[in-house]
Amino acid sequence: MMQAFFLEHSYLIGLVSFTLGWLGMPVVVRIARAKGFVVRPNKRMSHTGEVPNIGGLDIYFSIMLSYLLFDYGQISNNQFFLLGVAAIMTIGFIDDVLVLSPIAKLLGEALAGIALIGFGDLRLTHLHGLFGIQEIGIIPSYLLSLFVLVAIINAINLIDGVDGLASGLGMLYCLFFAVYFHLVGSTSWSVLAVCMIGALAVFFLYNVFGKRGKIFMGDSGSLLLGYLLTAFIFRFCEQNAYHLVPEAYQMNAAPAVAICVLTVPLFDTLRVSLTRIKQHRSPFHPDKNHIHHLLLRTGLNHIQTTCVLLAVSVLFIVLAIIGRNWNIWLLLIADFALATALTLLLWHIINRQNSKSDAHR
């Protein structure tokens with residue numbers, strides 16, 4: 001009866017996840033400092049002092065403990081998915097501690113993806129009429145799903161550049177999927193999304209407002225977040241592809257809706273990668289050309305930058321909801337056009353500020 005009550009009021013599970021994360025975070029901070037799992041100031045970072053970088057551990061354990069506590073009946077159905085979640089967090093943790101090469105990191109992500117896509121059988125099997133294609137064969141399904149997984153994981157990883165941004169976007173995206181899954185009756189998935197919101201909220205508070213207890217999520221957190229968001233997107237697209245949801249909540253342009261929701265990290269990763277390739281540099285080469293770096297150039301601080309990008313993400317989510325039953329191409333074009341226009345506007349603001357600075361010299 002208690003489990004049924006909590007599943008019916010899933011926001012309470014989010015409070016449990018938050019409480020577990022709040023109790024565990026000081027322990028993670030102490031362990032990180034004792035073991036030297038910290039990031040030291042460098043030319044690519046604006047923080048001062050040594051900051052622990054394994055916040056993903058607390059996020060992982062608070063999500064998993066609260067999820068398994070209230071939805072333990074799904075363990076046998078999701079064993080490979082949960083194995084993949086543990087694997088991607090471990091890969092991220094190893095990268096935080098030892099710093100893996102980009103290729104080794106990609107291989108680790110692919111291995112974790114096999115648990116989700118190959119053994120867990122959670123993958124994209126339908127293109128919703130994109131390019132005139134409906135269902136796709138098993139090999140194209142595996143390859144497409146793996147590509148999407150790696151793309152989203154790395155997009156979330158790369159957007160994690162200022163305080164509160166990755167966790168703030170993560171909470172917003174999880175809220176979208178938590179509400180949707182709740183409305184269509186996918187209770188287990190809704191519970192998992194709510195658990196994520198609670199865990200990310202704890203990290204957000206420590207990351208943004210923490211002083212002595214400040215911590216970064218590290219790759220253990222950003223890779224985990226990207227992995228779980230990809231699982232949500234696969235489930236979301238598959239439900240809508242085969243009309244497994246009530247008609248009132250059917251989204252015929254589901255893939256485009258998912259892209260709209262994650263526009264900020266996806267568009268930024270695409271733009272930065274193309275820019276690096278154009279300049280004959282590796283797309284993995286780090287620089288300060290990400291969207292949060294551009295906003296910082298306008299004079300905004302970390303919190304203001306995060307708030308701006310959260311507001312922009314809300315705008316894209318509204319577009320996704322409005323265009324959920326449009327032609328897929330129409331919604332994708334509208335999304336790309338809006339993202340391009342906002343980026344050009346930002347560059348215009350930066351150039352105008354630079355011109356003013358030059359004029360005063």
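Conventions adopted
Residues numbered from 1 in each chain as written. Predicted model: local features only at pLDDT ≥ 70, side-chain atom pairs only at ≥ 80, totals over all residues. Heavy atoms only, no water. Helix = DSSP H or I, 4+ residues; strand = E, 2+ residues; numbered from the N terminus. Rg over C-alpha atoms; globule rule 2.2 N^0.38 Å. Contact = heavy atoms within 4.5 Å. Axes fitted to C-alpha atoms, helices over the stretch in contact; angles between N-to-C directions. Left-handed = near helix turned anticlockwise from the far one by under 90°. Phe/Tyr/Trp six-rings, centres within 6.5 Å; stacked < 30°, edge-to-face > 60°. Buried < 20%, exposed > 50% of the residue type's maximum accessible area, 1.4 Å probe, protein only. Salt bridge = Lys/Arg side-chain N within 4 Å of Asp/Glu carboxyl O. Core = buried A, V, L, I, M, F, W, Y, C linked by side-chain atoms within 4.5 Å. Parallel < 35°, antiparallel > 145°, perpendicular 65-115°, else oblique. Nonpolar A, V, L, I, M, F, W, Y, C, P; charged D, E, K, R; others polar. Patch = residues over 30% accessible without salt bridge, like charges linked within 9 Å, V, L, I, M, F, W, Y side chains within 5 Å. Areas by Shrake-Rupley, 256 points an atom, 1.4 Å probe, with all protein chains shown as cover.

With that settled, the discussion passes to the overall build of the protein. Along the backbone of the protein there are 14 helices and two strands. Taken against the 2.2 N^0.38 rule, which gives 21 Å for 361 residues, the C-alpha radius of gyration of the protein at 20 Å falls within 12% of a compact globule. Along the longest, intermediate and shortest principal axes, the C-alpha atoms of the protein span 65 × 50 × 35 Å. Counted over contacts in the protein with a minimum sequence separation of 6, partners at least 24 positions apart contribute 71%.

In the contact formed by helix 3 (residues 55-70) and helix 8 (residues 187-209), the axes pass within 9 Å of each other and the chain directions differ by 145°. As for how helix 3 packs across helix 8, the hand of that crossing is right-handed. Taken together, the residues of helix 8 that come into contact with helix 3 (itself represented by Gly55, Asp58, Ile59, Ser62, Ile63, Met64, Ser66 and Tyr67) are Ser188, Val191, Leu192, Cys195, Met196, Ala199, Leu200, Val202 and Phe203.

Before going further, it helps to spend a moment on the packing of aromatic side chains. The tally for this structure, following the rule as stated, stands at 19 aromatic pairs. With 5.1 Å between their ring centres and 70° between their planes, Tyr60 and Phe61 make a pair best called edge-to-face. For Tyr60, a relative accessible area of 12% gives the class buried. Residues Phe177 and Phe236 carry aromatic rings whose centres are separated by 5.8 Å and whose planes lie at 75° to one another, so their mutual orientation is edge-to-face. Of the two residues, Phe177 is situated in helix 7 (residues 165-183) and Phe236 in helix 9 (residues 218-241); the sequence distance between them amounts to 59 residues. For the residue pair Phe177 and Phe236, the accessibility class agrees, reading buried in each case.

Tracing the backbone through its elements, the reader meets Leu106 in helix 5 (residues 102-119). Among the residues examined, Leu106 registers a relative accessible area of 23% and is labelled partly exposed. Considered as a pair, Leu106 and Pro52 are 54 residues apart in the sequence and their alpha carbons are 24 Å apart. Dropping the residues within four chain positions of it, Leu106 is found in contact with Val150, Asn154 and Phe284.

Quick look at the side chain of Ser66 now. Here Ser66 lies in helix 3. Relative accessible area serves as the criterion here: at 0%, Ser66 is assigned to the buried category. Dropping the residues within four chain positions of it, Ser66 is found in contact with Ile13, Val16, Ser17, Leu20 and Cys195.

What follows covers the pattern of salt bridges. Counted under the stated rule, the structure contains seven salt bridges. Across the pair Lys105 and Asp95 runs a salt bridge whose closest N-O atoms are separated by 3.4 Å. Pair noted here: Lys105 is in helix 5 and Asp95 is in helix 4 (residues 79-98), with a separation of 10 residues, a long-range link. A relative accessible area of 9% means that Asp95 is categorised as buried. Residues Asp287 and Arg276 are paired through a salt bridge, measuring 2.9 Å at the closest nitrogen-oxygen approach. Pair noted here: Asp287 is in the loop between helix 11 (263-278) and helix 12 (291-297) and Arg276 is in helix 11, with a separation of 11 residues, a long-range link. Look at Asp287 and you get buried, because its relative accessible area is 12%. Here the residues in one salt-bridge network are Asp95, Lys105 and Asp219, joined through shared partners.

Moving on: the nonpolar core. Counting residues in each nonpolar core, the largest one holds 103 residues, and the members touching the most others are Ile63, Phe81, Leu116, Leu192, Tyr227, Phe232 and Phe236. The element best represented in this core is helix 8, accounting for 15 residues. Leaving out residues up to four positions away in the same chain, Ile63 has contacts with Ser17, Leu192, Cys195, Met196, Ala199 and Leu228.

All right, on to the packing of helix 7 against helix 8 then. Closest axis-to-axis distance for the helix 7/helix 8 pair is 8 Å, and the angle between their directions is 160°. Classified by the interaxial angle, the pair formed by helix 7 and helix 8 is roughly antiparallel. Note that helix 7 runs across helix 8; the crossing there is left-handed. Here Ser167, Gly168, Gly170, Met171, Cys174, Leu175, Ala178, Phe181 and His182 of helix 7 lie close against helix 8, whose contacting residues are Thr187, Trp189, Ser190, Ala193, Val194, Met196, Ile197, Leu200, Ala201, Phe203 and Phe204. For the contact of helix 7 with helix 8, the class distribution of residues is 14 nonpolar, six polar and no charged.

Turning our eyes to something else, we now look at a nonpolar patch on the surface. On the surface, a cluster of nonpolar side chains totalling about 510 Å² of accessible area is made up of Phe80, Leu83, Leu111, Ile114 and Phe119. Secondary structure elements with two or more residues in the nonpolar patch: helix 4 and helix 5. Considering each element in turn, the nonpolar patch owes the most residues, three residues, to helix 5.

We now examine the side chain of Asn53. Mapped onto the secondary structure, Asn53 falls in the loop between strand 2 (51-52) and helix 3. When near neighbours in sequence (up to four residues on either side) are disregarded, Asn53 contacts Phe37, Val38, Val39, Asp96, Phe216, Met217 and Gly218.

A few words now on unusual backbone geometry. Although it is not a glycine, Val99 adopts a positive phi angle of roughly 65°. By the secondary structure assignment, Val99 is in the loop between helix 4 and helix 5. A positive phi angle, close to 60°, is found at Asp121, a residue other than glycine. Here Asp121 is to be found in the loop between helix 5 and helix 6 (138-159).

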